[in-house]
Number of protein chains: 2
Amino acid sequence: MAALARNLDVAKSALYNHVASKQDVLRLMEERLISQVDVAGFGCGPWDEAMRRWAWSYRDVFSKHTPLIPVIAVLPVADAPRTLEMYEAVSSDLAAAGIPNSKIVPSIVAIESLVFGAAFDVDAPPDVFDGCLGGFSPSFAVALQAARAAEIEEPRHDAAFNLGVEALLEGLKALLT
Amino acid sequence: MAALARNLDVAKSALYNHVASKQDVLRLMEERLISQVDVAGFGCGPWDEAMRRWAWSYRDVFSKHTPLIPVIAVLPVADAPRTLEMYEAVSSDLAAAGIPNSKIVPSIVAIESLVFGAAFDVDAPPDVFDGCLGGFSPSFAVALQAARAAEIEEPRHDAAFNLGVEALLEGLKALLT
DNA sequence: ACCTGAACACCGTTCAAGT
DNA sequence: ACCTGAACACCGTTCAAGT
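Not measured: the values here are computed from a predicted model.

Asks: In this structure, what is going on with the relation of the copies chain B and chain A? I would like to understand it.
Replies: Each copy of the chain is related to the other by a rotation around an axis and a translation along that axis. You can overlay chain B on chain A at an RMSD of 0.0 Å; the transform is a turn of 180 degrees with a shift of 0.0 Å along its axis. In symmetry terms, the pair is related by a two-fold rotation axis. With an isologous cut-off of 70% or more, the 100% of interface residues of chain B that recur at the interface of chain A puts this contact in the isologous class.

Asks: Mind showing me how you'd approach the packing of helix α7 (residues 138-150) of chain A against helix α5 (residues 81-96) of chain B here?
Replies: Running from N to C, α7(A) and α5(B) cross one another at 80 degrees; their axes reach a closest spacing of 7 Å. One finds that α7(A) runs roughly perpendicular with respect to α5(B). Residues A:Pro138, A:Ser139 and A:Phe140 of α7(A) pack against B:Leu84, B:Tyr87, B:Glu88, B:Ser91 and B:Ser92 of α5(B). Counted by class, the contact of α7(A) with α5(B) contains four nonpolar, three polar and one charged residues.

Asks: Help me understand the packing of aromatic side chains in this model?
Replies: The geometry of an aromatic ring pair comes down to the distance between the two centres and the angle between the two planes. Throughout the structure, instances matching the rule amount to 19 aromatic pairs over all chains. Where A:Phe129 meets B:Tyr87, the ring centres are 6.1 Å apart and the plane angle is 70 degrees; that geometry is what we call edge-to-face. In this pair, A:Phe129 is assigned in the loop between α6 (101-123) and α7 and B:Tyr87 in helix α5, connecting two distinct chains. In this structure, A:Phe129 and B:Tyr87 share a single accessibility class: buried.

Asks: Is there a simple way to think about the interface of chain B and chain A in this case?
Replies: The extent of an interface is frequently quoted as the accessible surface area lost upon association of the parts. Tallying the contact residues gives 59 residues for chain B and 59 residues for chain A. Between chain B and chain A, roughly 4,700 Å² of surface is buried when both sides are summed, and carbon and sulfur atoms account for 79% of that area. In this assembly, chain B and chain A are joined by zero salt bridges. The interface formed by chain B and chain A contains six residue pairs in polar contact (both at pLDDT 80 or more). Contributions of two or more residues to the side of chain B that touches chain A are made by α4 (69-74), α5, α6 (101-123), α7 (138-150) and α8 (156-176) of chain B. A per-element tally of the side of chain B that touches chain A places α6(B) first, with 16 residues. Class assignment of the residues belonging to the side of chain B that touches chain A gives a composition of 40 nonpolar, 12 polar and seven charged.

Reading the values: rules and limits
- Residues numbered from 1 in each chain as written.
- Chains lettered and ligands numbered in written order.
- Predicted model: local features only at pLDDT ≥ 70, side-chain atom pairs only at ≥ 80, totals over all residues.
- Heavy atoms only, no water.
- Least-squares fit on C-alpha atoms with pLDDT ≥ 70 in both.
- Contact = heavy atoms within 4.5 Å.
- Axes fitted to C-alpha atoms, helices over the stretch in contact; angles between N-to-C directions.
- Helix = DSSP H or I, 4+ residues; strand = E, 2+ residues; numbered from the N terminus.
- Parallel < 35°, antiparallel > 145°, perpendicular 65-115°, else oblique.
- Nonpolar A, V, L, I, M, F, W, Y, C, P; charged D, E, K, R; others polar.
- Phe/Tyr/Trp six-rings, centres within 6.5 Å; stacked < 30°, edge-to-face > 60°.
- Buried < 20%, exposed > 50% of the residue type's maximum accessible area, 1.4 Å probe, protein only.
- Buried area = accessible area lost by both parts, 1.4 Å probe.
- Salt bridge = Lys/Arg side-chain N within 4 Å of Asp/Glu carboxyl O.
- Polar contact = N/O pair within 3.5 Å; in protein donor to acceptor, adjacent residues only side chain to side chain.

Structure below.
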């Protein structure tokens, strides 16, 4: 709230004429961010292509605002019309794809979990794995070296998220359709 | 730091004789939590069974300490010997399972992303989806009703995490072996 | 209706002073 | 080696007072 007031060239207390609390500000931010997530793929074309597009843009939007993730995970969606709109688009495509009704919400939550976790990963410094080549963990060391070699083509966190999304979609297809 | 000092019946400033900063405390907590994660399944039996066991205990441990997730996602693992130990156990099983070296780190990061996201989901109140049955989102409403019906057998977040883990493992098998 | 400024109860961290 | 207490620069929120 202090930083927000500073940016608006206004006293902190002035904010409370427009907003009830910090939580309230975060709720407004959530709606704005969710409306930036790309759901245009749903309702046209193959459902897995739409899911892929949705997941990537969802991750990109929240990787720039990771402090919001703990907030939105706990926020009742009834207060968030844009979020509800997004879920409706996803649900209707999953239903059309033949996913059983009882598995639609679990599928959405599973992908969202991957998206949120991956958003933190994007936020992490590029050197999280630095200095791990000691002889104490030989298997991990060779895996890390192979990952580093592949990094010139694709950033580490993109490679992981790509594999996660593709494996998850593949698995959902295999298990639910 | 204030609460910690309170619990220890000591002045806040006394903490700094034992620890450099709050970040330092969180690093110590990370190590303690990671050492509670069950890696006993690795090195014996089928790799997917070991991964399942690992993922569930990993989620359970961190769902009780979600504020630590943003911290550990950004923490260099070189400073965390127990974490390194855990990665070594996972890596060696994935390599033995025939996963290409260049895909081991991405596989681990993908599962970890799912685990961290799911940990937030466990932490969420049971009524996140309450009051969403309005006519504005028909597909999501029926999906939600089906999910609620299944909830008497298995909690909502367990059903989602179960599907996520099973689909991810299935997908990794299909794509990488 | 919207602003300011002072106040309150908190933070994490530092540092001089003690034992 | 380890503690205390005061101090500092921050928070989010409230409230009386202004326009």
